Every structure is written in C-alpha cells, then in structure tokens.
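# Overview (structure and organization)
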Amino acid sequence: MKLAAEQSTTADAAPQTRQPVLLFEQVSKWYGSVIGVNQVTLELRGGITGLVGANGAGKSTLLRLATGHLRPDVGRVSVCGREAWNWRARRLVGYCPDVDVFFEEMSGFQFVEAMARLCGFSRRDARLRSEAVIEQVGMSGRCDRCIRGYSKGMRQRIKLAQALLHDPALLVLDEPLSGIDPIGRQDFLELFLALAEQGKCLLVSSHELEELEKLTDHVAIMSRGRIAVVGTLRQIRDLLDHHPMSIRIDALQPRIVASRLLEMNDVVGLDLGNSPSNTLDVGTIVIRARNPRSFFRDFGRLVIEEGIEVRRLEMLDASAQKILGYLLGGNR
Amino acid sequence: MSITPGMHSDVSILRAWLELLWLSIRRQARMRQMVWIALGLLFLAVLAVGLVTLFGSWTLADRRVRMPPGRTQPATQGASSVATTAKKSTEAPPKQSNPSPSASPIPLRPRRLTYQETIDVSQVLMLLGDRGGPVQAAVSGSLRVALVKSSFLIFSRWIVFAIFQSFLLPLLTLSFATDALGAERENRTLTWLFTRPLPKPAIYFAKYLAALPWCLSLNLFGFVAICLAGGEPGVLALRLFWPAVACGTLAYAALFHLIAALFRRPAVVGLVYSFFFEMLVGDLPGDLKRMSLSYYIRSLMFDATASMGLSSDQLTVYNPVDGWMALAVLAGAVATFTFIGMIVFSRTEYREDV
C-alpha cells in the first residue's frame, strides 16, 4: 500500500490565509543515530488538525519542532513565515506541553500571571488577560491554591490557560485531554471548536481518537517518524481502498448468502458466525472486502437480484482507531 | 474581558526580561540540598576558627623556632636555663618533667625555644650585659614586630587561603550558581521559559544576574562570619580581602553558570572542577596555575596586603600578578564565560522532556 505521505490537505472548515500558519518543509530530526522525524512535509492553514500515532512515532518531536523547542537538522519549520526556532515566532505560538510540571510554589493564578508578564505585558494587562483565560478554561474561583495541590484536570486547565494568554495564531496542544473528566472534556472540545471558529490553527496530539473524532476529521497520522498520511478520515479511508475492510452483514439464510459473497471479486475473506438451525433465523457474516466502493455497488445489485434479506450492514473499521491500526501495521 | 483575535497590547521585551530577572531572583530563594551542605560546612569552619581563637592563638609566639640542620639556636647556647627562668618570670611555673641537661647524667637534646621565648632570652641576655647588645636588640625588636603580624599571616594562610578561598568560596558559589539553570533543567520547568517570546541569550543572562545576589550574600556572609570568629587578625583580613572575595564570587558564578548550561549534573561537575583544578592547580608553582581563577583571587588578596609590607612567600602565592592585572583577568573571565554561555545556551536544545 502506497500512502501519500507528503500530501498536504487543509481542513474543510479552515479559513484560507495567504501563507500557511505552520509549514514543515522536508524536515528531519535526529537524536544521535535515532531519527525522530523523517523528511516531514506538512502545511496547516487553520482549523483543527489531530496528530495521532503510536508511542515513539515522532509526535512530540514534531510538536517541539513546531514550537521552536527543537531545531531541525534538515529542512525548515516556519510559523506564519517566521522560522520556528527564532524567539520572535513564539509570539505566534501557544504551547500546551505534555510535561506535568509547573512553578509548584505558585498558585494557578500567579503562574498564569507570571507567564503573561514574561510575554511582556504590563502588570494591569497581564492581570486582565490572566483573569480572562482562567475564565475561558473554567478555573475561575479555583486557582488561588498552590498548584502542587491541584488535580490532573486542573493542571491541564492551567496549562491550556497559559497557552492562550497572548492570543496566538497557532495553538500546539500535546495531549490536552489527558486526565480531564468527561464534563471537562466536553468543555475543552467546545473551547477548541470556538478557537478554530475564531480563525486559530490548532494542532492537537492525542491518543484519545474517539475524542479527536468529535473535534475534527482532519488528522495527520505519524508512523516511524514520518507523516504516514494527512487529510480527513474519509480521504484517508479512500486511500486505503486496497486494504481489506471488515464488514458485518446480518442476513437470513447466512450460508447461502456467504456462498454468493465468496463469488464476488472484492471479497477476500469471510467468517461465518454460528449458523442458525432455523432458516428463518438471522445469521452473522463478517467479510473482508478489498475495494469498498465497488464491493458495495456489487453487493447492492446482488441483494436485489437474489432477494437477500439483510437485517444489518456495518463497517467494522471505519473509525480512526482502525485506520490507525492499518497504517501502523498493527502497532495499536 | 475576553481576548479577541488581533487584540493589540503594549508588549515590551525589556519588561518581559525584567520580569524574568525578578522571577528568577525569587525562585533562587529556595534552599536546595547543595546550599544546606555548603552552609553546614561553613558552620563547621566558623566553629573551628572560633575554637582556635578561644583556646589558642593565631600568632607564632608559641611555635618553636626552626633552625637549619647542624646549627643550634643562638639563644639556646648555654642559655636554656635562662630561658626557663625568663619564662618562669612571666608565666606560671611549668611542670618540670624533664630535668635540666646540666643536672642529668645523660646528655639530652636541648629543647627548641618558641619565638616568644627567643625574644625573652634575648632581652635577658641584654640585661646581663651580653656583648653585641645593639645587634641582639635589633633582632629582638624585628622579631617582636614579626610576631605581631604573624597572627594575620597564619590566619590568612590557613583560614582565608586554604579553607575559605580554596574550598568554601567555590562551594558556596556553586550551590546557588549551578542551581539557576540546573534546577530548571532538573525540574523540566525550563520549558515554560522557552515558550515565552524571549531571546535565549537574554534568558541565560537574566538567570546569571539572578544568581548573583544570592551568591554574593552567601559568600560575604560566610566570609564575615569566619573572619569575625578569628578575632583581631580576622577583622584585618576581612577589611583587606572582602573585595577579592566579591570579585571571586562573580567569576566563579559565571563559570558555574556556564557549567550548568553545558552539563546535566552541574553540581557534580562543579565540585570535581573545584577540587581537582582550583585547589590543586591553583596552588602549584609554574604557569599552569594561571589557568585557575583561584590564582587571580589570591593575587588580588596579596595585592591588598602590600600595604602591610608582606612578601609573597609569606602568603604562599607563587609569583602573583599585579592587583589590576588580576582584577582585569577576573573581569575578563566573567565576560568570557557569560558570552560563551549565552552562545551555548542559545544553540543548545534542552531535551530533558523529549
């Protein structure tokens, strides 16, 4: 299977701007003899992009290159045309790292205010901005205690708050939903969507693919340091046409239906569940079809011609999780 | 208030840098393990100096005179008994455990006199009409002056040079100086500074400046404590040497700050450097010592004692450089280490959390 590794696709809902907000141009990064990211080309112009991949796939390295924490060995990373390694680019980037450390002796508000002051805002402006972002992340009235006493979810909120302080064009969020309770997750997802509507570009790394699917269908999938594919989940699915897809079919007379299915060109495998003794009972067939589009077209014709009574038809691996499984060669 | 896209604010890099400086000074206030270790050693040193001051003496008065092999002490030639008499006249009678050589059938090796006894004997001999009186008087007088100054020399040599300047000064400095960046690296909080729109060299320089008030306070406090515990010679040493201690602190702080930017375990590297380079190489004859900061700090101290008419061998500084030269080298070291550190820091990727 050949995937369009360097294909860059912009999210459908993302507003178009003249220059990309985040641009990776043939970027490679080594840690000694180990390669972190390998010839990555990626262009983001707005909206929310999910970054998924197995552990060690290079997600964190990619995010740190985007935030200017790391410098590429080969290629160029730029934010709104400015080199990401340059300190001036940090005015355009809000970063929510996955490391769970703070200036623990401070309260949540003091920390956020200190971060605002380090952006160069005046005392009054820093206070106003801190109050605003703390309210945005739902920490109002709860951030006067020392950070070391915070729950994981509260710490995540403070991390997000400091990233929003300077109204950045690009928000890089490394596992922002980690440790957040379900209600908090919903709040975060709504906040991310609101920020995207304001024209911000969000790059969100997450293992929670189900949550990420609620947020965006535009994902970049990393594997072994490369961007294996980037695009919407549907586009990715289309790229995987040659990869067998599992489909569940519940129908009457499953043995007869199975024999008809095996005659189809696109069906490469078939599992017949417990076959009912009574022919009026429904049985389950799970098939693996190579080319979903032509399969469904032929299957529809077969159903009409043979009068097959189908009670249920379900694609078992259309989710991002399954797609990721395919792309990562079963690592997940 | 809500933050809206495109909202413009008055943003100042200088203000951000000053805030970083102030934040770093406040965060340096946390007493870490190395600071407690350094303070513990300082306390022990002050205690030891205080006990010596209380029960002993810093002067040479009670030390025995060294003579070249084959020669006897001039004052002891037939005058040991006189010395004993002289001592008796000024002090409480000592326990006469050994009989005098003349009274003993077995010839005993004559006891070496102390410097004070030598002066006393000379005076007694002068009173007895010894020939060569003016020469004896001159020797006795200069010896008396030397004895007065000897307390300062001994205190400087053993306490200021051997203990404070060689050992405590680097240790106290590195306890704070390596922490400025080292603690941020160790705790992985450096990430927060890198997310702010501040040039990396400015972060490095702010961290260095933030460490200085703590390094200077700790070192000068330590030096004051140890000198005051030393009594009169200590007060004199404090008056003469505190500028050298301050200059040395600035130089060591710049060096250890650079080490913190270069190494993941800066305290260990700093300790190894202090013990194996500054303590050993800085005290060696030859030109290698010019590579150590301690040599220039000692030269500054030596220069400060010039007004007392002391020669170099008395302060165990081998071929010291001129005071201004030492000051210039230390200032150059501060500037060079800081400049190198800023470049290194701005080019280095800190991957502690990668």
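None of the values given here were measured: they were computed from a predicted structure. (Residues numbered from 1 in each chain as written. Chains lettered and ligands numbered in written order. Predicted model: local features only at pLDDT ≥ 70, side-chain atom pairs only at ≥ 80, totals over all residues.)

This part covers the overall build of chain B. Summing up its helical and strand segments, chain B has 11 helices and zero strands in all. Along chain B, helices and strands appear, N-terminal first, in the series α-α-α-α-α-α-α-α-α-α-α. Burial statistics for chain B: of 354 residues in total, 38% are counted as buried. Contacts in chain B between residues at least 24 apart in sequence constitute 80% of all its contacts with a sequence separation of at least 6. (Helix = DSSP H or I, 4+ residues; strand = E, 2+ residues; numbered from the N terminus. Buried ≥ 20, exposed ≤ 12 C-beta atoms within 10 Å, placed from the backbone. Contact = placed C-beta atoms within 7 Å.)

Per the secondary structure count, chain A includes 10 helices and 14 strands. Across the 332 residues of chain A, 43% fall into the buried class.

Tallying the contact residues gives 34 residues for chain A and 31 residues for chain B. Of all the secondary-structure elements, those providing two or more residues to the side of chain A that touches chain B are α1 (59-66), α2 (108-118) and α3 (123-136) of chain A. Element by element, the count of residues in the side of chain A that touches chain B is highest for α3(A), at six residues. Counted by class, the side of chain A that touches chain B contains 16 nonpolar, eight polar and 10 charged residues. (Nonpolar A, V, L, I, M, F, W, Y, C, P; charged D, E, K, R; others polar.)

Moving on, we come to the environment of Arg148(A). Considering the arrangement of structural elements, one finds Arg148(A) in the loop between α3 and α4 (152-164). Once the C-alpha coordinates of Arg148(A) and Asp217(A) are considered, the two residues, 69 residues apart in sequence, prove to be 36 Å apart.

Let us now look at the sheet that holds strand β4 (residues 74-79) of chain A. Residue and element names in this part refer to chain A. Taken in spatial order, the four strands make up an open sheet running β2-β1-β4-β5, and their pairing is antiparallel. Every other strand in the sheet has two partners, leaving β2 (34-44) and β5 (82-83) as the edge strands with one partner each. By the bridge criterion, seven bridges tie strand β1 (residues 22-31) to β2 in an arrangement that is antiparallel. Paired with Lys29 across the strands is Val37, a residue of β2. (Pairing = 2+ DSSP bridges.)

Moving on to the sheet that holds strand β6 (residues 93-96) of chain A. Residues and elements named next belong to chain A. Spatial strand order, β6-β7-β8-β3-β9-β10: six strands in an open sheet with mixed pairing. Bordering the open sheet on either side are β6 and β10 (226-232), each of which pairs with just one other strand. Going across the sheet, the axis of each strand differs from the next one's by a mean of 15 degrees, ignoring polarity. Examined bridge by bridge, strand β9 (residues 218-223) and β10 share six bridges and lie antiparallel to one another. Looking at β10, one finds that Ile221 is bridged to Val229. Across the face of the sheet, helix α5 (residues 182-197) comes into contact with β3 (47-53), β7 (170-174) and β8 (201-205) while running at roughly 150 degrees to β8. (Axes fitted to C-alpha atoms, helices over the stretch in contact; angles between N-to-C directions.)

What follows is about the packing of helix α8 (residues 232-262) of chain B against helix α10 (residues 293-304) of chain B. All names here are of chain B. Look at α8 against α10: their axes get within 8 Å of each other, and the N-to-C directions meet at 165 degrees. Overall, the two elements α8 and α10 adopt an arrangement that is roughly antiparallel. When the axes of α8 and α10 are compared, the crossing they make is right-handed. Side by side, α8 and α10 meet where Leu240, Phe241, Ala244, Cys247, Gly248, Ala251, Tyr252 and Leu255 of the first sit next to Leu293, Ile297, Leu300, Met301 and Ala304 of the second. Looking at the contact of α8 with α10 residue by residue, the classes come out as 12 nonpolar, one polar and no charged. (Parallel < 35°, antiparallel > 145°, perpendicular 65-115°, else oblique. Left-handed = near helix turned anticlockwise from the far one by under 90°.)

Residues and elements named next belong to chain A. Of all the six residues making up strand β14 (residues 310-315), zero are buried; the element is thus mostly uncovered. Sheet analysis places strand β11 (residues 245-252) next to β14, joined by five bridges and oriented antiparallel. When the bridges of β14 are listed, Asp250 appears paired with Arg312.

A word on unusual backbone geometry. Residue and element names in this part refer to chain A. Despite not being glycine, Asp167 has its phi angle at roughly 55 degrees, a positive value. For Asp167, a count of 21 C-beta atoms within 10 Å corresponds to the buried category. For Arg224, which is not glycine, the phi dihedral falls at a positive 50 degrees. Inspection of the secondary structure puts Arg224 in the loop between β9 and β10.

In this structure, Val112(A), Leu202(A), Ala211(B) and Ala253(B) are the most contacted members of the largest nonpolar core, which totals 151 residues. No other element matches the 17 residues that α8(B) contributes to this core. Setting aside chain neighbours within four positions, we find Leu202(A) in contact with Ile48(A), Thr49(A), Leu171(A), Leu173(A), Phe192(A), Leu195(A) and Ala196(A). Core analysis: the next-biggest nonpolar cluster, separate from the first, contains 11 residues, Leu261(A), Ile287(A), Ala289(A) and Phe295(A) among them. (Core = buried A, V, L, I, M, F, W, Y, C linked by C-beta atoms within 7 Å.)

Take the confidence of the model for chain A next. Chain-level pLDDT for chain A is 84 on average; 85% of the residues reach the 70-or-more range. Note on residues 1-17 of chain A: pLDDT under 50 across the span, and 37 contacts to partners over four residues away in sequence or across chains. (pLDDT = per-residue confidence, 0-100.)

So, about the domain arrangement of chain A. Domain annotation for chain A reports domain 1 (22-239) and domain 2 (245-327). Relative to domain 2 of chain A, the C-alpha centre of domain 1 of chain A lies at a distance of 42 Å. (Domains from an automatic or database assignment.)

Okay, the confidence of the model for chain B next. Residue and element names in this part refer to chain B. Considering every residue of chain B, the mean pLDDT works out to 78; 66% of them sit at 70 or more. At the level of individual helices and strands, chain B shows its lowest average pLDDT in helix α3 (residues 80-90), which scores 44, and its highest in helix α11 (residues 323-347), which scores 95. Confidence drops under pLDDT 50 across residues 1-8; counting only partners more than four residues distant or on other chains, this segment forms 13 contacts. Within the model, the stretch residues 75-104 combines pLDDT values under 50 with 32 contacts to residues more than four positions away or in other chains.

The side chains of a regular strand alternate between both faces of the sheet. All names here are of chain A. Of all five residues in β8, five are buried, a share of seventy percent or more. Side chains of β8 alternate between two faces, with Cys201, Leu203 and Ser205 and Leu202 and Val204 buried alike. As for the winding sense of the linkage, the β-α-β connection from β7 through α5 to β8 is right-handed. (Right-handed = clockwise from strand over helix to strand, strands pointing away.)

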